[in-house]
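So you can see what is in the structure, the chains are spelled out below.
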Amino acid sequence: MQIHVIHENAAWLEPLARALDAEGLPWRDWFLDRGVFDLSLPPPAGVFYNRMSASSHTRDHRYAAELTASVLARLAGHGRRIINGPRALDLEISKTRQYAALEAAGIQTPKTVLVAGKDNLVAAARRSFDGGPVILKPNRGGKGLGVRLFHTGPALADYLDGVDYEPPVDGLHLLQQYIRAPEPLITRAEFIGGRFLYAVEVDTSEGFELCPADACAVDDAFCPAADQARAKFTIVDDIDAPLKRRYEAFLAANEIEVAGIEFIADRDGTTYTYDVNTNTNYNPEAESRAGRSAMTALARFLGGELARQHSARQRFS
């Protein structure tokens, strides 16, 4: 039996590969982008960890997520142990479905307007946000790609008519409330095995591309803030206890075991949750400063699940 890591990004796999090897765990790399699958044959035994990303289309893997959905359904139909299965993938590739699930769990999200059709965006922003600041983002994104802040309606219109406009891969735009935070910071809470591990504060001074992995690094780990350099990613040990409990209950209800959940607090202290990333990555420089290793924790979690599957198979064989 093995751990099967389903993914479409070799660069993002490397840190996990090192952690799995360090733990001496048997595993295989399952790169899912294209291929031939005989559905009459049973899938192999083991533990399947789904790391398919909402941003797979940005790496020329346009249908990787759709292929993964079919593969996960087949694995589930055969009773295989899946970490971040079909429900996790469904929420990964749709922010609107994320928000519906978050709100069902009693977690506040920013005011959001779903817009199908580029030509409807300016009027929708004027009608729903009074022509004031608004964030435009794709329904299916990843890494903060395609997220832009517009302070006025004309600025939004100019972008939509310009050469920099990026159409969303699923045709769906989101217009979202701009949360004014006391500082340019968001917080990302990391969960492994459905339990809180740590949180990381992210400096957003340079924009919205928030992927913490080495492969996503923007020049270096520091950006200017006030009169001193601040690390872009800084690990903190805990978050508000009631919010942490709501997040863990949300993950359990949606069968998500590994995730990073991003939130922001406004000047009044109201917290808004705006993203659930089920293909989470970790920043090695921030972890080095804090003496933490989420990949080690993840590898050990996967190893424990593999051991449980092995024991169960022996009992019933």
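For the structure itself, consult the block above.
Engineer: Would you mind going over the overall build of the protein in detail, with residue names and values included?
Structural biologist: When helices and strands are counted, the protein shows nine helices and 15 strands. In summary, the protein has a C-alpha radius of gyration of 20 Å against a globular reference of 20 Å for 317 residues, a match within 12%. In terms of overall dimensions, the protein has C-alpha extents of about 65 × 45 × 35 Å along its principal axes. Counting all 317 residues of the protein, 50% fall into the buried class. At a minimum sequence separation of 6, the contacts of the protein that also span at least 24 residues come to 70%. In the protein, 35 side chains carry a positive charge and 42 a negative one; their mean positions are 6 Å apart.

Engineer: So what about the sheet that holds strand β8 (residues 172-177)? Which residues, and what values?
Structural biologist: Pairing in this open sheet of four strands is antiparallel, and the strands run β5-β8-β6-β7 from one edge to the other. In this open sheet, the two edge strands, each paired with only one partner strand, are β5 (112-116) and β7 (148-150). Neighbour-to-neighbour, the strand axes of this sheet turn through a mean angle of 25°, independent of strand direction. The sheet contacts of helix α4 (residues 95-104) involve β5, β6 (134-138) and β8, and relative to β8 the element is tilted by about 45°.

Engineer: Describe unusual backbone geometry, with residues and values.
Structural biologist: Not every positive phi belongs to a glycine, and Asp60 is a case in point at roughly 65°. Following the sequence through the fold, Asp60 ends up in the loop between β3 (46-50) and α2 (64-77). Even without a glycine there, the phi angle at Asn84 is positive, about 60°. For Asn84, a relative accessible area of 0% puts it in the buried group.

Engineer: Describe helix α6 (residues 153-161), and please don't skip the residues or the numbers.
Structural biologist: Within α6, burial applies to Leu156, Tyr159 and Leu160. All buried residues of α6 project into a common sector of 100° when viewed along the axis, lining one side. In α6, the exposed positions angled more than 90 degrees off the buried face are occupied by Pro154, Asp158 and Asp161. Residues of α6 that are buried sit in contact with α5 (121-129), β6, β7 and β8.

Engineer: Before we move on, can you summarise the side chain of Lys244 with the specific residues and values?
Structural biologist: Mapped onto the elements of the fold, Lys244 is located in helix α7 (residues 241-253). If sequence neighbours within four positions are ignored, Lys244 has contacts with Phe196, Asp238 and Ile239.

Engineer: Describe the sheet that holds strand β4 (residues 81-83), listing the residues and the values that go with them.
Structural biologist: Whether parallel or antiparallel, the strands of a sheet pair through hydrogen bonds between backbone atoms. Strand order in the open sheet formed by four strands is β2-β1-β3-β4, and the pairing between neighbours is parallel. In the strand order of this sheet, the two ends are held by β2 (27-31) and β4, each with one partner. Strand-to-strand, the axes of this sheet are offset by a mean angle of 25°, without reference to chain direction. With three bridges joining them, β3 and β4 adopt parallel strand pairing. Bridge pairing in β4 places Phe48 opposite Ile82.

Engineer: Any details on the nonpolar core? Residues and values, ideally.
Structural biologist: By size, the foremost hydrophobic cluster in this structure holds 55 residues, and its most contacted members are Leu16, Leu20, Phe250, Leu298 and Leu302. With near-sequence residues (within four places) excluded, Leu20 lies in contact with Ile3, Val5, Leu25, Trp27, Ala299 and Leu302.

Engineer: Which residues make up the pairing of β6, and what are the values?
Structural biologist: Of all five residues in β6, five are buried, a share of seventy percent or more. Covered by surrounding structure in β6 are Val134, Leu136 and Pro138 together with Ile135 and Lys137, the residues of both alternating faces. The pairing of β6 with β7 spans three bridges and is antiparallel. If you follow Val134 over to β7, its bridge partner there is Phe150.

Engineer: Let's hear about the packing of α5 against α6: which residues, and what values?
Structural biologist: In helix packing, the relevant descriptors are the interaxial angle and the interaxial distance, both defined with respect to the helix axes. Two elements in contact, α5 and α6, have axes separated by 10 Å at closest approach and are oriented at 165°. When the axis of α5 is compared with that of α6, the two are roughly antiparallel. As α5 runs across α6, the sense of the crossing is right-handed. Residue-level contacts link Leu121, Val122 and Ala125 of α5 to Leu156, Ala157 and Leu160 of α6. In terms of residue class, the contact of α5 with α6 is made up of six nonpolar, no polar and no charged.

Engineer: If you had to explain the environment of Ser311 to someone new, which residues and values would you point to?
Structural biologist: By secondary structure assignment, the location of Ser311 is in helix α9 (residues 294-316). For Ser311, a relative accessible area of 32% puts it in the partly exposed group. Between the C-alpha atom of Ser311 and that of Ala88, which follows or precedes it by 223 residues, the distance is 26 Å.

About the thresholds
Residues numbered from 1 in each chain as written. Predicted model: local features only at pLDDT ≥ 70, side-chain atom pairs only at ≥ 80, totals over all residues. Heavy atoms only, no water. Helix = DSSP H or I, 4+ residues; strand = E, 2+ residues; numbered from the N terminus. Rg over C-alpha atoms; globule rule 2.2 N^0.38 Å. Buried < 20%, exposed > 50% of the residue type's maximum accessible area, 1.4 Å probe, protein only. Contact = heavy atoms within 4.5 Å. Lys, Arg positive; Asp, Glu negative; His and termini not counted. Charge placed at Lys NZ, Arg CZ, Asp CG, Glu CD. Pairing = 2+ DSSP bridges. Axes fitted to C-alpha atoms, helices over the stretch in contact; angles between N-to-C directions. Arc of directions from axis to C-beta. Core = buried A, V, L, I, M, F, W, Y, C linked by side-chain atoms within 4.5 Å. Parallel < 35°, antiparallel > 145°, perpendicular 65-115°, else oblique. Left-handed = near helix turned anticlockwise from the far one by under 90°. Nonpolar A, V, L, I, M, F, W, Y, C, P; charged D, E, K, R; others polar.

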